[in-house]
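So the chains spell out like this:
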There are 2 protein chains.
Amino acid sequence: MERFAAYVESQRSRFLAELADIVRIPSVAAQNRGIDETASFVEQRLRRLGAETRLLQADGGNPMVYATIGNGSRTLLIYDHYDVQPAEPFELWQSPPFELTERDGKLYGRGVADNKGNLMLRIQAIEAWLATEGELPIRIIFAVEGEEEVSSRTLPAVCREYADLLRADGCLWETGGVDINERPVVTCGAKGIQYVELVARGASYDLHSSYATFVPNPAWRLTWALNTLKGPDGRVRIPGFYDRVRPPSAADLAALTTIPTNDEELLADFGLDEFLDGLRGLDRLRRHLFEPTCTICGLVSGYTGEGSKTVLPNEARAKIDFRLVPDMEPAEVLHQLRRHLDAEGFADIEIIDLGGEHPARGPLDAAIVQAALASAREVYGSEPILYPTMAGTGPVYPLCTALGTPVASGAGCGYHGTRVHSPNENIRLADYWRAIHWMGSLIRHFAG
Amino acid sequence: MERFAAYVESQRSRFLAELADIVRIPSVAAQNRGIDETASFVEQRLRRLGAETRLLQADGGNPMVYATIGNGSRTLLIYDHYDVQPAEPFELWQSPPFELTERDGKLYGRGVADNKGNLMLRIQAIEAWLATEGELPIRIIFAVEGEEEVSSRTLPAVCREYADLLRADGCLWETGGVDINERPVVTCGAKGIQYVELVARGASYDLHSSYATFVPNPAWRLTWALNTLKGPDGRVRIPGFYDRVRPPSAADLAALTTIPTNDEELLADFGLDEFLDGLRGLDRLRRHLFEPTCTICGLVSGYTGEGSKTVLPNEARAKIDFRLVPDMEPAEVLHQLRRHLDAEGFADIEIIDLGGEHPARGPLDAAIVQAALASAREVYGSEPILYPTMAGTGPVYPLCTALGTPVASGAGCGYHGTRVHSPNENIRLADYWRAIHWMGSLIRHFAG
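Reading the values: the criteria
Residues numbered from 1 in each chain as written. Chains lettered and ligands numbered in written order. Predicted model: local features only at pLDDT ≥ 70, side-chain atom pairs only at ≥ 80, totals over all residues. Heavy atoms only, no water. Helix = DSSP H or I, 4+ residues; strand = E, 2+ residues; numbered from the N terminus. Rg over C-alpha atoms; globule rule 2.2 N^0.38 Å. Buried < 20%, exposed > 50% of the residue type's maximum accessible area, 1.4 Å probe, protein only. Contact = heavy atoms within 4.5 Å. Areas by Shrake-Rupley, 256 points an atom, 1.4 Å probe, with all protein chains shown as cover. Lys, Arg positive; Asp, Glu negative; His and termini not counted. Charge placed at Lys NZ, Arg CZ, Asp CG, Glu CD. Phe/Tyr/Trp six-rings, centres within 6.5 Å; stacked < 30°, edge-to-face > 60°. Buried area = accessible area lost by both parts, 1.4 Å probe. Polar contact = N/O pair within 3.5 Å; in protein donor to acceptor, adjacent residues only side chain to side chain. Nonpolar A, V, L, I, M, F, W, Y, C, P; charged D, E, K, R; others polar. Pairing = 2+ DSSP bridges. Expected span 1.5 Å × (residues − 1). Domains from an automatic or database assignment. Salt bridge = Lys/Arg side-chain N within 4 Å of Asp/Glu carboxyl O. Least-squares fit on C-alpha atoms with pLDDT ≥ 70 in both. Axes fitted to C-alpha atoms, helices over the stretch in contact; angles between N-to-C directions. Parallel < 35°, antiparallel > 145°, perpendicular 65-115°, else oblique. Left-handed = near helix turned anticlockwise from the far one by under 90°. Arc of directions from axis to C-beta.

Per an unreviewed UniProt entry, chain A goes by Peptidase M20 and derives from Chloroflexus aurantiacus.

Trainee: What is the right way to read the overall build of chain A from this model?
Mentor: Along chain A, the regular secondary structure elements total 14 helices and 20 strands. Radius of gyration (C-alpha) of chain A: 23 Å, near the 22 Å computed for a compact globule of 448 residues. Projecting the C-alpha coordinates of chain A onto the three principal axes gives extents of approximately 75 × 45 × 45 Å. Counting only residues that meet the buried cut, chain A has 63% of its 448 residues in that class. Here the contacts in chain A between residues at least 6 apart in sequence split such that 80% fall between residues at least 24 apart. With the model as given, the accessible surface of chain A reaches about 15400 Å², and the carbon-plus-sulfur share is 47%. Taking the 44 positively charged and 61 negatively charged side chains of chain A as two groups, their mean positions are separated by 1 Å.

Trainee: What's the story with the packing of aromatic side chains in this structure? I'm lost.
Mentor: When we look at a pair of aromatic rings, we describe it by the centre distance and by the angle of the planes. Taken as a whole, this structure holds 20 aromatic pairs over all chains when the rule is applied. Centre to centre, the rings of Tyr-211 of chain A and Phe-214 of chain A are 5.9 Å apart; their planes meet at 90°, and the pair counts as edge-to-face. A relative accessible area of 1% places Phe-214 of chain A in the buried class. Measuring from ring centre to ring centre gives 6.3 Å for Phe-270 of chain A and Tyr-205 of chain B, while their planes differ by 85°; the resulting arrangement is edge-to-face.

Trainee: Help me understand the interface of chain B and chain A, please; the structure alone is not making it clear to me.
Mentor: It is common to give the size of an interface as the accessible area lost on bringing the parts into contact. Counting from both sides, the interface comprises 82 residues of chain B and, opposite them, 82 residues of chain A. Carbon and sulfur atoms supply 61% of the area that chain B and chain A bury against each other, a total of about 7400 Å² over both sides. Inspection of the chain B/chain A interface yields 36 residue pairs in polar contact (both at pLDDT 80 or more). Looking at the side of chain B that touches chain A, the elements that each hand over two or more residues are β11 (192-201), β12 (207-208), α7 (218-229), α9 (263-270), α10 (281-290), β13 (295-302), β14 (311-312) and β15 (315-324) of chain B. Considering each element in turn, the side of chain B that touches chain A owes the most residues, eight residues, to β13 of chain B. Of the residues assigned to the side of chain B that touches chain A, the class counts are 37 nonpolar, 28 polar and 17 charged. Examined bridge by bridge, strand β13 (residues 295-302) of chain A and β13 of chain B share five bridges and lie antiparallel to one another. Bridge assignment links Gly-302 of chain A to a residue of β13 of chain B, and that residue is Gly-298 of chain B.

Trainee: What is the right way to read the pairing of strand β2 (residues 64-69) of chain B from this model?
Mentor: Every other side chain in a regular strand lies on the same face of the sheet, so the side chains alternate between the two faces. Residues and elements named next belong to chain B. Across the six residues of β2, six count as buried, placing the element largely inside the fold. The side-chain alternation of β2 yields two buried faces, one formed by Met-64, Tyr-66 and Thr-68 and the other by Val-65, Ala-67 and Ile-69. Alignment of strand β1 (residues 52-56) against β2, held across five bridges, turns out to be antiparallel. Paired with Arg-54 across the strands is Tyr-66, a residue of β2.

Trainee: So what exactly am I meant to see when it comes to the environment of Pro-395 of chain A here?
Mentor: All names here are of chain A. Take Pro-395: it is sitting in the loop between β18 (385-387) and α13 (396-399). Residue classification places Pro-395 among the buried residues on the basis of a relative accessible area of 1%. Along the primary structure Pro-395 and Asp-36 are separated by 359 residues, whereas in three dimensions their C-alpha atoms are 21 Å apart. With residues near it in sequence (within four places) discarded, Pro-395 still touches Tyr-79, Glu-145, Glu-148, Ser-152, Leu-155, Trp-173 and Glu-357.

Trainee: Can you help me understand helix α7 (residues 218-229) of chain A in this one?
Mentor: What sets the pattern is the α-helix's 3.6 residues per turn: residues three or four places apart point alike. All names here are of chain A. Compared with the 16 Å implied by 1.5 Å per residue over 12 residues, the 17 Å span of α7 between its first and last C-alpha is a close match. Counted residue by residue, α7 has 11 buried out of 12 residues, so it is predominantly covered. Three or more residues of α7 are buried, namely Pro-218, Ala-219, Trp-220, Leu-222, Thr-223, Trp-224, Ala-225, Leu-226, Asn-227, Thr-228 and Leu-229. Capping the start of α7 is the job of one residue whose side-chain oxygen sits 2.8 Å from the backbone nitrogen of Ala-219: Asn-217.

Trainee: Please explain the side chain of Arg-110 of chain A as it appears in this structure.
Mentor: Here Arg-110 of chain A is to be found in the loop between β5 (106-108) and α4 (112-132). From its side chain, Arg-110 of chain A meets the backbone oxygen of Gln-85 of chain A in a polar contact 3.1 Å long.

Trainee: How do you make sense of the domain arrangement of chain A when you look at a structure like this?
Mentor: Residue and element names in this part refer to chain A. Each domain of chain A was delimited in the assignment, giving domain 1 (2-190 + 359-447) and domain 2 (192-253 + 287-357). The C-alpha-based centres of domain 1 and domain 2 are spaced at 32 Å. Between domain 1 and domain 2, the contact holds 17 residues from the first and 20 residues from the second. Roughly 1400 Å² is buried in total at the junction of domain 1 and domain 2, and carbon and sulfur atoms are behind 56% of that figure. One can count one salt bridge joining domain 1 with domain 2. With a closest N to O distance of 3.5 Å, Arg-361 and Asp-252 form a salt bridge. For the pair domain 1 and domain 2, the number of links is three residue pairs in polar contact (both at pLDDT 80 or more). Of the residues that constitute the side of domain 1 that touches domain 2, the class distribution is 10 nonpolar, six polar and one charged.

Trainee: I keep staring at the relation of the copies chain B and chain A and nothing clicks. Help me out?
Mentor: Note: a rotation about an axis with an accompanying shift along it relates these two copies of the chain. With an RMSD of 0.0 Å, the operation that places chain B on chain A is a rotation of 180° combined with a shift of 0.0 Å along the axis. The relationship between the two copies is best expressed as a two-fold rotation axis. Proximity to the rotation axis, assessed at the C-alpha, singles out Val-300 of chain B in chain B; its C-alpha lies 2.2 Å from the axis. Most of the interface of chain B is mirrored in chain A, where 100% of its interface residues again form contacts.

Trainee: Looking at this structure, I do not really get the sheet that holds strand β9 (residues 184-187) of chain A. What am I missing?
Mentor: Residues and elements named next belong to chain A. One open sheet holds the three strands; their spatial order is β8-β9-β18, and the pairing between them is mixed. The open sheet is flanked by β8 (177-178) and β18, the only strands paired with a single partner. As paired strands, β9 and β18 are joined by three bridges and run parallel to one another. Each residue of the ladder has a partner; that of Val-185, found in β18, is Ile-385.

Trainee: Would you explain the sheet that holds strand β16 (residues 350-357) of chain A in this entry?
Mentor: Within a sheet, neighbouring strands are paired by backbone hydrogen bonds and run either parallel or antiparallel to one another. Pairing within the open sheet is antiparallel, and its eight strands lie in the order β16(A)-β11(A)-β15(A)-β13(A)-β13(B)-β15(B)-β11(B)-β16(B). Looking at the sheet topology across the chains shown, the edges are occupied by β16 of chain A together with β16 (350-357) of chain B. On average, adjacent strands in this sheet sit at an angle of 15° to one another, irrespective of strand direction. Pairing analysis gives six bridges linking β13 of chain B to β15 of chain B, with the strands arranged antiparallel. Bridge pairing in β15 of chain B links Thr-295 of chain B to Asp-321 of chain B. Strands in contact with α7 of chain A are β11 (192-201), β13 and β15 (315-324) of chain A together with β13 of chain B; relative to β15 of chain A, the strand with the most contacts, it is inclined by about 20°. Lying over the sheet, helix α11 (residues 330-343) of chain A contacts β11, β15 and β16 of chain A, oriented at roughly 30° with respect to β11 of chain A.

Trainee: Looking at this structure, how should I read the packing of helix α3 (residues 35-49) of chain B against helix α4 (residues 112-132) of chain B?
Mentor: In helix packing, the relevant descriptors are the interaxial angle and the interaxial distance, both defined with respect to the helix axes. All names here are of chain B. Remark: α3 packs on α4, axes separated minimally by 10 Å, with the N-to-C direction vectors making an angle of 15°. Taken together, the axis directions place α3 and α4 in an arrangement best described as roughly parallel. Here the hand of the crossing between α3 and α4 comes out left-handed. On α4, the residues that touch Thr-38, Phe-41, Val-42, Arg-45, Leu-46 and Leu-49 of α3 are Lys-116, Leu-119, Met-120, Ile-123, Gln-124, Ile-126, Glu-127 and Leu-130.

Trainee: When you look at helix α1 (residues 2-10) of chain B in this model, what are you seeing that I'm missing?
Mentor: Residues and elements named next belong to chain B. Listing the buried residues of α1 in full gives Phe-4, Tyr-7 and Val-8. For α1, the angular spread of buried residues about the axis comes to 100°, placing them on one side. Seen from the buried face of α1, the exposed residues on the opposite side, beyond 90 degrees, are Glu-2, Arg-3 and Glu-9. The secondary structure elements touched by the buried residues of α1 are α2 (12-24), α4 and α14 (429-447).

Trainee: Which parts of the structure should I look at to understand the packing of α1 of chain B against α4 of chain B?
Mentor: All names here are of chain B. The N-to-C vectors of α1 and α4 enclose an angle of 125°; their axes lie 9 Å apart at closest approach. The angle between α1 and α4 falls in the class oblique. Considering how the two elements wind past one another, α1 and α4 form a crossing that is right-handed. On the side of α1, the interface is formed by Arg-3, Phe-4, Tyr-7 and Val-8, while α4 contributes Ala-125, Glu-127, Ala-128, Trp-129, Ala-131 and Thr-132. Residue classes in the contact of α1 with α4 are distributed as seven nonpolar, one polar and two charged.

Dropping the structure here:
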């Protein structure tokens, strides 16, 4: 594939300009910004590639850009998303989050790692294939959704309604890249999630804090309610929460032993002396991949500005995500949470359902998994790491598991320092170019 | 005092314009805004009255405007403050907080009730006295500080350094007005306070929330730490916290029985079905005036915007005030808090000291108390209510108790609906004019 490489080399500045163009649109799903504009950008780019495109939508959700291109006995479904996380807190960014900025061999911008970089490089790899190798040896379907960062709210409905359009022999997941040891990573599943906001309410307006002698304080109510969810031992106290947790299979555990742990590097990077409970090595990895969580993602009540303000807040809010493992059910967790709060005396606390997703774990021996591994070996010259699942969440269940499609991540530009979801999200330029080659090689290996 | 009344009547529009002028300066001490400008405004206004003025300062704090005017055997110290609470959240104001706005017989603006209204009306009452009654029959000292809303940080040092300038036979406190039954109120003390910010820290930056399996979450640490301070039973769990609480005296309790409670009106106004623990009547009042509190005034961590963001926060903060009753010591509470958090396993949580003030309760039979009551009776035509203490906080201890000066509130334009410290802070115009008369009458009664 020397011509492929030469072509990519010749198109570098145009490819990066395209990436900058899509980063520039602040497609923050949680804030309903730039959605249609970004969908249109992606659709037009896929048309320029020669794909047939359409927008799929259900229940008034953000449109999924759907595209097909190529022919072959095997069909590859490529799943990406064009929405991004909020960029707040803005003041911690060293350059404006929606202006792709190059510094020290890295590209900074909200969404450049999650997931606009992978989306663009996969499209660009196919362009390079068509320009240098001719026809595609497989049929490729793109499914590029716009609600990944808000729990893929309407994706399950889209998958049900357009199941026939989405069936494939394998799915290339949105994520991909190298780990902290620069070894390529392939994953075969994702955790699920249930995201909620808890709201405690007090008086009808903020009061002078001297009234705290006899007026209920929602910030205390929320604190006490949260404390019933999880204590310092880290165990979730909601009855039934762990009942459906499926233990890892023998194959899952065998894969685990091939994964390097790099405790020291992680500790240094995160600025920590110790992990929770002093976890290390395989124990940490096992908990990371196969156990559910209950995480406070946000807290707000009363006065949060500079200095002191003696106020008795009239409202307190907590954002919480539960990461779920097979065979937990998001709706069931929601139900258990309500029942638990009621039983603990917190029936007054409102639960806002901000979306749920099923967990999923696919077969490790599928063709797409083997193609992802073989192409990684070829391009990176090192043995890739196979993860039975990501610790993160994605709609693997409705898009793959429910349709019987095996899944693998790969052909992406991620690395350990991407800071996805955080300020100063970034990718390394070298990873971007290498991932285009990974994608090209993956097409060839998946064709068989 | 018919000529006094006629003079006030003739100056109404000028007096209100002066009030608007001082409200316009956003003197938010917590944010270090408009301090010098407001101090200068107050000093110039007092000079126009004919007072001798100077600025008193200690430890680099905001200047206290000090002024003296008049002669007489008795000296009255008038304590007010020119700083205000932050106006946030701005979006809940129906008119801009720093533009005095009249609606339905009320004046809206940050600080109009707490405490710029009382400051201006007292100055204007003295102007009316001088214009209509001639010389003042007493000596009046103004002590107008600029840090009341940030726990009067340097006032104790000013009081120590300038004790000789501040001695008086009685002190008219900043607050004053009528209660929910339109009866004038006189108070003889104030609770103390210890304000702190607790900070829990985790990784060196916000992480993707999937890491919650093994990375400590400061929002959980803070929640658990807060939970050790106070539980749903409302008792503060910090060892030693209640040790110094002085039980109310017989005179305090006797005064209590003359105070109307108005539970139903308060419940309706606050939009509540019940008070804490179902408290009512005297029990509620007794707890309100004679018991300390521990109040979460603010909470913030992670993502607090719209929708969901799956983030593991790297920091969590809580603002907490402890309202103290005699003979609790702010520094001791701070020390107890640190010892308690350490003992409970939260040595990692930082405590930021945002200021403390001693509680104070003065004699109920002092001349200034009797003058405040008599003048209230005269102007309002109803029996005033005598509170042994406010539930709120002010620097009564350094300014009065430590110098042996009895204290009373009164001659103010407060009413039940002022919403001090909240959005839409307001006074009623009619109260403003009446309080000017209260001030005039108080001068006469205090002269003896």
